[in-house]
Amino acid sequence: MVDTTTIRTRTAEPLRVPRYAGWIGKTVGSGLYRHTIGRLADSRPVRLALLAGVPLFWIAALHIGPIFQMGRISFMADYPPSPDGGSAYTLANYELFFSDQLYFVPFLRSLVFAAVVTLSTLVVVYPVAYYVAKIVQPKNRVRALLLLLIPFWAGELIRTFSVIMLLANRGAVNVALRELGFIDRPIPMLYTSFSLSFGVIYLLALYMLLPLYSAIEKIPTQLVHAAADLGASPFQRFRRVILPLSKDGIVSGCSLVYLTSVGVFAAPLLLGGPNTVIFPEVIATLFHSSNDKWPEGAAFSMLLLAVSLTTVGLFMRVIGGRSVRLM
Amino acid sequence: MQPVVQFENVNKYYGALPAVDGLNLAIDPGQFVTLLGPSGCGKSTTLRMLGGFEQPSSGEIYLEGKAISHLPPNRRNVNIVFQDYALFPHLNVGRNIAFGLELKGLSSDAIHKRTMELLALVKLEDFAGRMPDQLSGGQRQRIALMRALAPDPNVLLLDEPLSALDAKLRQQMQIELKTIQRTTGKTFIFVTHDQEEALTMSDVIVVMNKGRIEQMGDPNELYSRPRSRFVANFIGQSNFLEGKALSVDGSVATIDWNGTAIRADVNGTQPAKDSPTTVALRPEALYCLAEQPQDRFALKGRIVQRVFKGAHTALTVDLENGAQLDLQLDPVALSHIGTDDIWVGWRERDAVVLAD
Amino acid sequence: MRPYFADLPKTALGAAYWLFAVYLLLPLALMTAMSFKDASFIAFPITDWTLNWYAQVLQDKQFIEASLYSIGIALATTAAATVIGVWIALLVTTEGIWGKAIIFALACLPAVVPGLINAISMRIFIRTVDIPTGTTAIILSHAVHAVPFVVIMVLTRLRSMPANLVDAARDLGADPFVAFLRVTIPYLMPALLGGMIFCVLTSIDDFVRTFFLGGYKPTLPMLIFAKVQGGMSPEINAMATIVLIVTAAVGLYAERLTRRSRN
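Not measured: the values here are computed from a predicted model.

(A) Summary view of the overall build of chain C. Helix and strand counts for chain C stand at eleven helices and zero strands. Ordering the α and β elements of chain C from the N terminus gives α-α-α-α-α-α-α-α-α-α-α. At 23 Å, chain C has a C-alpha radius of gyration far larger than the 18 Å of a compact globule built from 263 residues. The dimensions of chain C, computed from C-alpha atoms along their principal axes, are 70 × 70 × 35 Å. A burial count over chain C gives 48% of its 263 residues as buried. Looking at chain C alone, contacts between residues at least 24 apart form 76% of all its contacts between residues at least 6 apart.

(B) Structural context of the overall build of chain A. Along its length, chain A carries 16 helices and two strands. Per-residue burial for chain A yields a buried fraction of 37% across its 327 residues. In chain A, the proportion of contacts linking residues at least 24 apart, taken out of those at least 6 apart, comes to 68%.

(C) Representation of the sheet that holds strand E3 (residues 32–36) of chain B in the model. All names here are of chain B. The six strands are arranged E6-E7-E8-E3-E9-E10 in an open sheet whose pairing can be described as mixed. The open sheet is flanked by strand E6 (78–81) and strand E10 (212–217), the only strands paired with a single partner. Within the sheet, the average angular offset between the axes of one strand and its neighbour, ignoring direction, is 20 degrees. Summarising the sheet, E6 and strand E7 (residues 155–159) pair through four bridges and their orientation is parallel. What sits directly across from Val-81, in E7, is Leu-158. Against the sheet, helix H1 (residues 43–51) makes contact with E3, E6, E7, strand E8 (187–192) and strand E9 (204–209), and its axis sits at roughly 145 degrees relative to E7, the strand it touches most. Of the strands in this sheet, E6 and E7 touch helix H4 (residues 137–149), which is tilted by about 170 degrees from E6.

(D) Quick look at the sheet that holds strand E1 (residues 5–14) of chain B. Residue and element names in this part refer to chain B. Strands sit in the order E2-E1-E4-E5 across an open sheet of four strands; the sheet is antiparallel. Two strands bound the open sheet, and with one partner strand each, they are strand E2 (17–27) and strand E5 (66–67). The pairing of strand E4 (residues 58–63) with E5 spans two bridges and is antiparallel. Along E5, the bridge assignment pairs Tyr-62 with Ala-67.

(E) Structural context of the UniProt feature "domain: ABC transmembrane type-1" (unreviewed entry) in chain C. Per the UniProt entry, the sites bearing "domain: ABC transmembrane type-1" (unreviewed entry) are residues 67–254 of chain C in this numbering. Here residues 67–254 of chain C runs as 82% helix and 0% strand, with 21 Å between its end C-alpha atoms.

(F) Representation of the environment of Leu192(C). For Leu192(C), the position within the fold is in helix H8 (residues 176–205). With residues up to four places along the chain from it excluded, the contact list for Leu192(C) reads Thr82(C) and Val154(C).

(G) Main features of the nonpolar core. Membership of the largest hydrophobic core comes to 148 residues, with the highest contact counts inside it found for Ala129(A) and Leu212(A). Here this core takes 15 residues from helix H10 (residues 193–218) of chain A, the largest share from any one element. Ignoring anything within four residues of it in the chain, the contact list for Leu212(A) reads Val125(A), Tyr126(A), Ala129(A), Ser246(A), Gly249(A), Ile250(A) and Gly253(A). Formed by 100 residues, the second largest nonpolar core is a distinct cluster that contains Leu177(B), Ala245(B), Ala169(C) and Leu172(C).

(H) Quick peek at helix H4 (residues 100–112) of chain C. Residues and elements named next belong to chain C. Over its 13 residues, H4 runs 18 Å from end to end, which matches the ideal 18 Å to within 8%, given 1.5 Å per residue. Its axis deflected by about 30 degrees at Leu-106, H4 carries its strongest bend there, up to four residues before the proline Pro-110. Buried within H4 we find Phe-104, Ala-107 and Pro-110.

(I) Molecular detail of helix H5 (residues 115–128) of chain C. All names here are of chain C. With 14 residues, H5 should cover 20 Å at 1.5 Å per step; its first-to-last C-alpha distance of 20 Å lies within 8% of that length. For H5, the set of buried residues is Gly-115, Leu-116, Ile-117, Asn-118, Ala-119, Ile-120, Ser-121, Met-122, Arg-123, Ile-124, Phe-125 and Ile-126. Immediately downstream of H5, the backbone of Asp-130 shows phi near 65 degrees, a positive value.

(J) Spotlight on the interface of chain A and chain C. Listed by partner, the interface residues are 74 residues for chain A and 74 residues for chain C. With 16 residues, helix H4 (residues 44–74) of chain A is the largest single contributor of residues to the side of chain A that touches chain C. For the side of chain A that touches chain C, the class distribution of residues is 57 nonpolar, 13 polar and four charged.

(K) Up close: the UniProt feature "transmembrane region" (unreviewed entry) in chain C. All names here are of chain C. UniProt's entry tags residues 12–36, 68–90, 102–126, 138–158, 179–204 and 236–254 with the feature "transmembrane region" (unreviewed entry), counted in the numbering of this structure. The straight-line gap between the two end C-alpha atoms of residues 12–36 is 36 Å; of that span, 92% is helix and 0% is strand. With 92% helix and 0% strand, the stretch residues 102–126 has end C-alpha atoms that lie 25 Å from each other.

(L) Local environment of the environment of Ala249(C). The residue Ala249(C) is located in helix H11 (residues 234–262) in this model. Expressed as a C-alpha distance, the spacing of Ala249(C) and Leu51(C), which sit 198 residues apart in the sequence, is 21 Å.

(M) Spatial organisation of the UniProt feature "transmembrane region" (unreviewed entry) in chain A. Residue and element names in this part refer to chain A. As recorded in UniProt, the feature "transmembrane region" (unreviewed entry) lies at residues 48–68, 111–133, 145–168, 188–210, 249–271 and 298–319. Helix makes up 100% of residues 111–133 and strand 0%, and the two end C-alpha atoms of the span are 31 Å apart. Counting secondary structure, residues 298–319 comes out at 100% helix and 0% strand; the distance between its end C-alpha atoms is 31 Å.

(N) Layout of the environment of Ala355(B). Residues and elements named next belong to chain B. Along the chain, Ala-355 turns up in the segment after strand E20 (351–353). Owing to 17 C-beta atoms within 10 Å, Ala-355 belongs among the partly exposed residues under this scheme. Through-space distance from the C-alpha of Ala-355 to that of Pro-72 is 40 Å; in sequence the pair is 283 residues apart. Every residue in contact with Ala-355, bar those within four places of it in the chain, is listed here: Arg-227, Ser-228 and Thr-269.

(O) Region of the structure containing the confidence of the model for chain A. All names here are of chain A. Averaged over all residues, the pLDDT of chain A is 78; the fraction at 70 or higher stands at 83%. Of the regions scoring below 50 in pLDDT, residues 1–17 engages in 25 contacts with residues more than four places distant in sequence or in other chains. Of the regions scoring below 50 in pLDDT, residues 323–327 engages in eight contacts with residues more than four places distant in sequence or in other chains.

(P) Here's a closer look at the pairing of strand E18 (residues 324–329) of chain B. Note: strand E17 (residues 313–319) of chain B against E18(B), six bridges, orientation antiparallel. Paired with Thr316(B) across the bridge in E18(B) is Asp326(B).

(Q) Expanded view of the confidence of the model for chain C. Residues and elements named next belong to chain C. When the pLDDT values of chain C are averaged, the result is 87; 95% of them are 70 or greater. The secondary structure element of chain C with the lowest average pLDDT is H11, at 83, and the one with the highest is helix H3 (residues 61–93), at 94. Predicted complex, confidence summary: ipTM 0.85, pTM 0.82.

(R) A look at the pairing of E10(B). All names here are of chain B. Summarising the sheet, E9 and E10 pair through five bridges and their orientation is antiparallel. Within E10, the position partnered with Asn-209 by the bridge is Arg-212. Where E9 folds back onto E10 in an antiparallel hairpin, the turn is made up of two residues, including Lys-210, whose phi is positive at roughly 55 degrees.

(S) Expanded view of the packing of helix H6 (residues 101–135) of chain A against helix H13 (residues 247–262) of chain A. Residues and elements named next belong to chain A. It is at 9 Å that the axes of H6 and H13 come closest, and there the two elements cross at 140 degrees. When you trace H6 past H13, the crossing you get is right-handed. Seen from H6, the contacting residues are Ser-110, Phe-113, Ala-114, Val-117, Thr-118, Thr-121 and Leu-122; seen from H13, they are Ile-250, Gly-253, Cys-254, Val-257, Tyr-258, Ser-261 and Val-262. Residues of the contact of H6 with H13, tallied by class, amount to nine nonpolar, five polar and no charged.

(T) Region of interest: unusual backbone geometry. Despite not being glycine, Tyr85(B) has its phi angle at roughly 70 degrees, a positive value. Using a count of 23 C-beta atoms within 10 Å as the deciding quantity, one classes Tyr85(B) as buried.

The rules we used
- Residues numbered from 1 in each chain as written.
- Chains lettered and ligands numbered in written order.
- Predicted model: local features only at pLDDT ≥ 70, side-chain atom pairs only at ≥ 80, totals over all residues.
- Helix = DSSP H or I, 4+ residues; strand = E, 2+ residues; numbered from the N terminus.
- Rg over C-alpha atoms; globule rule 2.2 N^0.38 Å.
- Buried ≥ 20, exposed ≤ 12 C-beta atoms within 10 Å, placed from the backbone.
- Contact = placed C-beta atoms within 7 Å.
- Pairing = 2+ DSSP bridges.
- Axes fitted to C-alpha atoms, helices over the stretch in contact; angles between N-to-C directions.
- UniProt positions renumbered as here; feature names shortened; annotations may be inferred.
- Core = buried A, V, L, I, M, F, W, Y, C linked by C-beta atoms within 7 Å.
- Expected span 1.5 Å × (residues − 1).
- Bend = angle between axes of the 7 residues up to and from the residue.
- Nonpolar A, V, L, I, M, F, W, Y, C, P; charged D, E, K, R; others polar.
- pLDDT = per-residue confidence, 0-100.
- Left-handed = near helix turned anticlockwise from the far one by under 90°.

Okay, structure coming up:
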């Protein structure tokens, strides 16, 4: 067995003669391998089956399956089906949604909330993304970005929890305001729409930052220089060059934020109150109560899914200007 | 001697377009064979079919007598050197070369020995531990070659391996490749679009055009005896004299060219009387005299253009019979010319009748 | 040349950046600070400082168990998602496969579905196939969530691989499996590592899926949530800070690696 030897050249730099993994060859070159796996490898149908089998099964079972089952159950009257065998496929669950205000209102609230959050995040994050992408020196850009990404990896729960530190009655803001003499009694900020919005924007801001940053960074600086040369004012440069060219980033960022805020869960649990019930909570309660409510929960989930995907799809078409290429 | 590689009626279609059209080719062992032609002529496709990376649409390919069209690349005893070398970036030089050896189940000692032998062949023994991105273009090329030779194939395929190198390095590598071919005695099948390269290196040149073989032969034969207009034009430069065949006497044909009777070598053709015939004549085969010679064939003409090209000067001459010829004269021959009124001629055997 | 970007109020943008940075980091900084408070309730100002909470948390059996449980799930998730993700990426880049765009779109489906819906649909699904809530269900849902990201990362890298590399390996005697193992996988390694770290971190952080699919054993986020509902004390802050520091450090390191290699 050849070991790694060290050869010293005139330049006194040790060069290592590589070891050889002879055992790989022995396995692959051996008759046993050649006649079993080797034979398999040669046959294209076998290769195709191996290549496509597991992925397609996974996608069918775990990507499509759950949504499909959810849809199926949403049309059932009872789940689990009652033993007397009444097949009971019905639209009752969907009707319930439209008829009972208890469900309809939080649903709308969720959609409006998501839209407001998306817009606010866009407005807040765009200048920051622009700053990092264009104004910061290239060599400092990674560091500037990393600073902002620190919270990204901490997770939904921890970041939502940390907002409590800020907004609680004895949290930093209230205590600071009190110390400074602006108020006598703490302002109740938690468990309100304000805290919910604040928390959700806090969570999602970075989902908006990265696509925006990528898109803005790709805009060739020459273009803006050229516009300036041709007499455009700073505002015109922004409106006619930078904004349109960052369109892709805006679309992805907004889609991402919208879809996530429609389904946000930890934030309302920790930061929301009885007046801010949004749809995810409604759905959640349906699943944690008795089993009979599952079909309704499923129907509501389907509705939420359909509406949010449609909204995003429309948004992409209208603003994006052409159909989204997924590849 | 049985041919080491044989293509039998091989066709390759991409959709409706034939990339290779009715190819019949036999290659003898131990030769340096070049497939030469312009882009899209099918030379790379032919090579890839031999290597196993394309399947012929119809026909059969034989390697050392055995049919191999249905075999995948790893089961054929041919190896290929790619145009962009395709060295494995995550392995060092030694392991790149040893890759094929490892798959054969040789012992570590044997692999080590053979790798060092191959590295010695290109004088890169000290580079065994280097990574491919630390090598220069020429070094990568040599390593790619050694990697392909390591499994000891009888036929080595080279797909325009020198096209990425600069001129001087290219010439150096041409000599090295040729030497290695001679030393190892293997059949090299080389693809290029550079006719000079082909002439320098090959034992046999196969000129291809539009998926078919135009002509096959040794460099000399192809250069001095092109059989088609395409070959005459692709390799070197040529004057084309269009006329009508008058008579054939043994190996010499007499042609009526713009009213002048000229003679040319029959070159394997059988021109019928009064049929339109083209004669190819190389510019350097023409001689140029200040006065009409008594002992050889010459036509009167006038120089209308001179272009100095260093080692020779290119002249364009308008002839008495209305036609125009391009000549190439070296400085010595040029010094004998005074005015622009001159006499040009050629030896019979330097003009060849073309088949098309 | 005049820096035209200076026209837009550069200072204003810079201020926006720093304000944003403070906005992002302040709550976490406060949370960390609170973990040192020497009192049993959460309130500002902090007068006495102590490390006791950390000592307590690090010795807390529940915390250790939850951490190990989270890590175990994360590793299983990573293994599954990486294998499936690479497999899908290969399928989508192979020639002659029908419906590649559809397959890719379906592979990315979990990423465009809101998190809650993902959790709910998975909850329904496991009921219909008789899988109980608990570890397996959690791992499946985490893996499903991570697969689209692994697919995209691997696809990007795979697309940049010169086609000749695999051809060269085949030519030298490797069958498709060996070529995959010895050439494709080493080439994909940077993307694989990035993908794996992503899987680990998102799995540890996940809350909504674990909430709906979990059994009796809590993961770290579930433990913290339960403690929050039971009454706030700086102990929770200590726990959260530990998780924050570990995950942020790993995440930043990975991000730095991928951005460096891309530049």
